[in-house]
Amino acid sequence: MQRPKSFKLGLMVSASALALVLMAAPFTPDMSQIQFKAVNAEAASASASSESHSSGSAGGGSASSGSSANANASGAGASANANAGSSASSGGSSASSNAGASASGSDGSDTSSDSESGSEAGSGGASADVNVSGSGPGASATGSATATYTDDETTSTATVNGAVEGEGTAAGHAAAAGDSETTSGPGSATSHSEAAAEADVQTTGGGTADAGASSTSTGSADSGDGATADTSATAAANASSSGDGSAASTGESSSDASASIDAEGNVATSADATAGAAADTDGDGAAASASGGSTAASEAGVVDGASSTSDAAANAAVEIEAAGDGDGDGDGDGDGDGDGDGDGDGDGDGDGDGD
């Protein structure tokens, strides 16, 4: 039995109409069934570090030095390198060392850092230097340097440290000296002692730096027949800064003593001592101190005869620390007029009208 043709036509019309209805209806996908794949991107980073030590000795003296440097940076294409070196010479009892590190990278902003440090110690003195710089959010750098010298009459030490994280620079410098000379012979004794210290430091935003130096020198002479001379001298200097600052300080000290006995039995003695000190600061967060001290003593005498003694002492110390509100007038209120009431009119009554 054949089905009517009109039935087939009806199915075709119904299917077409359904398709048109579906196409016309708004389509909203089920978002809960869609999955997103997470992708993690790790930032590149680079770091470098170096360290060196050196020492030498000759006779009664010895010298040593040490340096270290570190640098870190982040960003695409980050790279780093480091270097170090040291040397020593026993003949002159000297030592030196240096270290350097640098790193750089870029992640849309420039980030780089580098640091260098070196120290050297030689006969009667020590010095240390450090330089640090960094920029950008992922940059950091540190550097340190130390130097020492010792013998039977002198001890000198210098130390410098610097660090930066983000921005800034840091500098340093420290020195120390120390010198002693004595002479003795029949009826004569002389002694001289001298010590000097020095420190510089500097920072700019985001960095810290400190430097210190100290030296001590002593001398003693004996003629063996009644004349003696003794001297001592010390000096110290320290400087530190964080944020903007700089700081500087010195030291210096010296002493002299002499004693003599002549053929007729006459005796003479003398003693002199001097001390200096200086300090300087600039900007909030900077501090500096310096000190010096010296003593001198001499004695001469003849058994059952004349005798003489002399002694002298000198001391000096300075300590300065910069602190404030950042406006430069030193009153702590931050308005820059110097009257301390905070209204900026300079009359000190706080009402702001200036009368």
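Every chain is numbered independently, its residues counted from 1 as its sequence is written. Given that the model is predicted, a residue must reach a pLDDT of at least 70 before its local features are reported, and side-chain atom pairs must reach 80 or more before they are shown or counted; all residues, however, enter totals for whole chains, interfaces and linings. As a convention, hydrogens and water are excluded, and side-chain values are obtained from all of the structure's heavy atoms.

Novice: Help me understand the overall build of the protein chain in this model?
Specialist: A tally of regular secondary structure across the protein chain gives one helix and 21 strands. Summed over its atoms, the accessible surface of the protein chain is roughly 18200 Å², and 48% of this surface lies on carbon and sulfur atoms. Secondary structure follows DSSP: runs of H or I at least 4 residues long count as helices, runs of E at least 2 residues long count as strands, and numbering of each begins at the N terminus. Residue-level accessible areas treat just the shown protein chains as cover; the underlying method is Shrake-Rupley with a 1.4 Å probe.

Novice: Looking at this structure, I do not really get the pairing of strand S6 (residues 125–135). What am I missing?
Specialist: Remember that side chains alternate between the two faces of the sheet whenever the strand is regular. Here a strand pair is declared whenever DSSP counts at least two bridges between the two strands. With three bridges connecting them, S6 and strand S10 (residues 174–176) associate as antiparallel partners. Across the sheet, Ala126 pairs through a bridge with Ala176, a residue of S10. Bridge count for S6 against strand S9 (residues 169–170) is two bridges, and the pairing is antiparallel. Counterpart to Ser133 in the pairing with S9 is Thr169.

Novice: I would appreciate a short explanation of a negative patch on the surface in the present structure.
Specialist: On the surface, a cluster of negative charge is contributed by Asp179, Glu181, Glu194, Glu252, Asp256 and Asp272. Along the chain, Asp179 turns up in strand S11 (residues 179–185). Using a 1.4 Å probe on the protein chains alone, a residue whose accessible area is under 20% of its type maximum counts as buried, one over 50% counts as exposed, and one in between counts as partly exposed. Residue class for Asp179 comes out partly exposed when judged on its relative accessible area of 31%. Patch definition: residues above 30% relative accessible area lacking any salt bridge, with like charges linked at up to 9 Å and the nonpolar side chains Val, Leu, Ile, Met, Phe, Trp and Tyr linked at up to 5 Å. Between Lys or Arg on one side and Asp or Glu on the other, a salt bridge is scored when a side-chain nitrogen of the former is within 4 Å of a carboxyl oxygen of the latter. Working convention for charge: Lys and Arg count positive, Asp and Glu count negative, and His plus the chain ends are omitted. Note on charges: their place is set at NZ of Lys, CZ of Arg, CG of Asp or CD of Glu.

Novice: Explanation requested: the nonpolar core in the structure shown.
Specialist: Generally speaking, soluble globular proteins have nonpolar side chains that are buried together. Within the largest apolar cluster, 27 residues are counted, with the highest numbers of intra-cluster contacts made by Val132, Val160, Ala174 and Ala247. To form a nonpolar core, buried Ala, Val, Leu, Ile, Met, Phe, Trp, Tyr and Cys residues must be joined to one another through side-chain atoms within 4.5 Å. Listed in part, the 14 residues of the second largest apolar core include Ala227, Val267, Ala273 and Ala300.

Novice: What am I meant to see in unusual backbone geometry here?
Specialist: Apart from glycine, the bulk of residues carry a negative phi angle, and the bulk of peptide bonds sit in the trans form. A positive phi angle, close to 140°, is found at His173, a residue other than glycine. Counting through the fold element by element, His173 comes out in the loop between S9 and S10.

Novice: Explain the sheet that holds S11 to me, please; I cannot follow it from the model alone.
Specialist: Across a sheet, strands are paired by hydrogen bonds formed along the backbone, either parallel or antiparallel in direction. Pairing is antiparallel across the open sheet formed by four strands, whose spatial order is S11-S12-S17-S18. Edge strands, defined here as strands with exactly one partner in the open sheet, are S11 and strand S18 (267–275). Shown here is a sheet whose adjacent strand axes are inclined to one another by a mean of 0°, direction ignored. Of the strand pairs in this sheet, S11 and strand S12 (residues 188–195) are connected by seven bridges, and their pairing is antiparallel. Bridged to Gly185 within S12 is Ser188. Working convention: axes come from line fits to C-alpha atoms, limited for helices to the stretch in contact. Angles between N-to-C directions cover 0 to 180 degrees.

Novice: Can you walk me through the confidence of the model for the protein chain in this structure?
Specialist: When pLDDT drops low, the exact placement of atoms in the prediction is not to be read closely. Each residue carries a pLDDT score, the predictor's own confidence in it, on a scale running from 0 to 100. Here the protein chain averages 76 in pLDDT, while 70% of its residues score no lower than 70. Two residues form a contact once any of their heavy atoms are found within 4.5 Å. Note that residues 1–42 has pLDDT below 50 and, in this model, zero contacts with residues that lie over four places away or in other chains. Here residues 324–338 is a poorly scored stretch, pLDDT under 50, and it has 31 contacts once near neighbours within four places are set aside; other chains count.

Novice: Help me understand the side chain of Ser67 in this model?
Specialist: With respect to the helices and strands, the residue Ser67 is situated in strand S2 (residues 61–74). Under this definition, polar contacts are N or O atom pairs within 3.5 Å; protein pairs additionally need one hydrogen-donor-capable and one acceptor-capable atom, and for neighbouring residues in sequence, both atoms have to be side-chain atoms. In this structure the side chain of Ser67 is engaged in a polar contact, spanning 3.0 Å, whose partner is the side chain of Ser97.

Novice: Explanation requested: the environment of Thr274 in the structure shown.
Specialist: By the secondary structure assignment, Thr274 is in strand S18. On the basis of relative accessible area, Thr274 is assigned to the partly exposed category, the value being 42%. Considered as a pair, Thr274 and Ala296 are 22 residues apart in the sequence and their alpha carbons are 9.7 Å apart. Apart from residues no more than four positions distant in its own chain, Thr274 is found in contact with Ser253, Ser254, Ser294 and Ala314.

Novice: How do you make sense of the environment of Gly283 when you look at a structure like this?
Specialist: Counting through the fold element by element, Gly283 comes out in the loop between strand S19 (279–282) and strand S20 (286–301). Under the relative-accessibility criterion, Gly283 is labelled partly exposed at 26%. Sequence separation of Gly283 and Ser246 is 37 residues, and the distance between their C-alpha atoms is 6.9 Å. Leave out the neighbours within four places in its chain, and Gly283 touches Gly245 and Ala322.

Novice: What is the right way to look at the side chain of Ser97 in this model?
Specialist: Structurally, the position occupied by Ser97 is in strand S4 (residues 94–106). Note on Ser97: relative accessible area 3%, which makes it buried. Here the side chain of Ser97 touches Ser65 through a polar contact of 3.4 Å, side chain to side chain. In this structure the side chain of Ser97 is engaged in a polar contact, spanning 3.5 Å, whose partner is the backbone nitrogen of Gly66.

Novice: Looking at this model, I keep getting lost on the environment of Ala296. Mind explaining?
Specialist: By the element assignment, Ala296 lies in strand S20. Among the residues examined, Ala296 registers a relative accessible area of 3% and is labelled buried. Residues within four places of Ala296 in sequence aside, it is in contact with Asp230, Thr231, Ser255, Asp256, Ala257, Ala271, Asp272, Ser310, Asp311 and Ala312.

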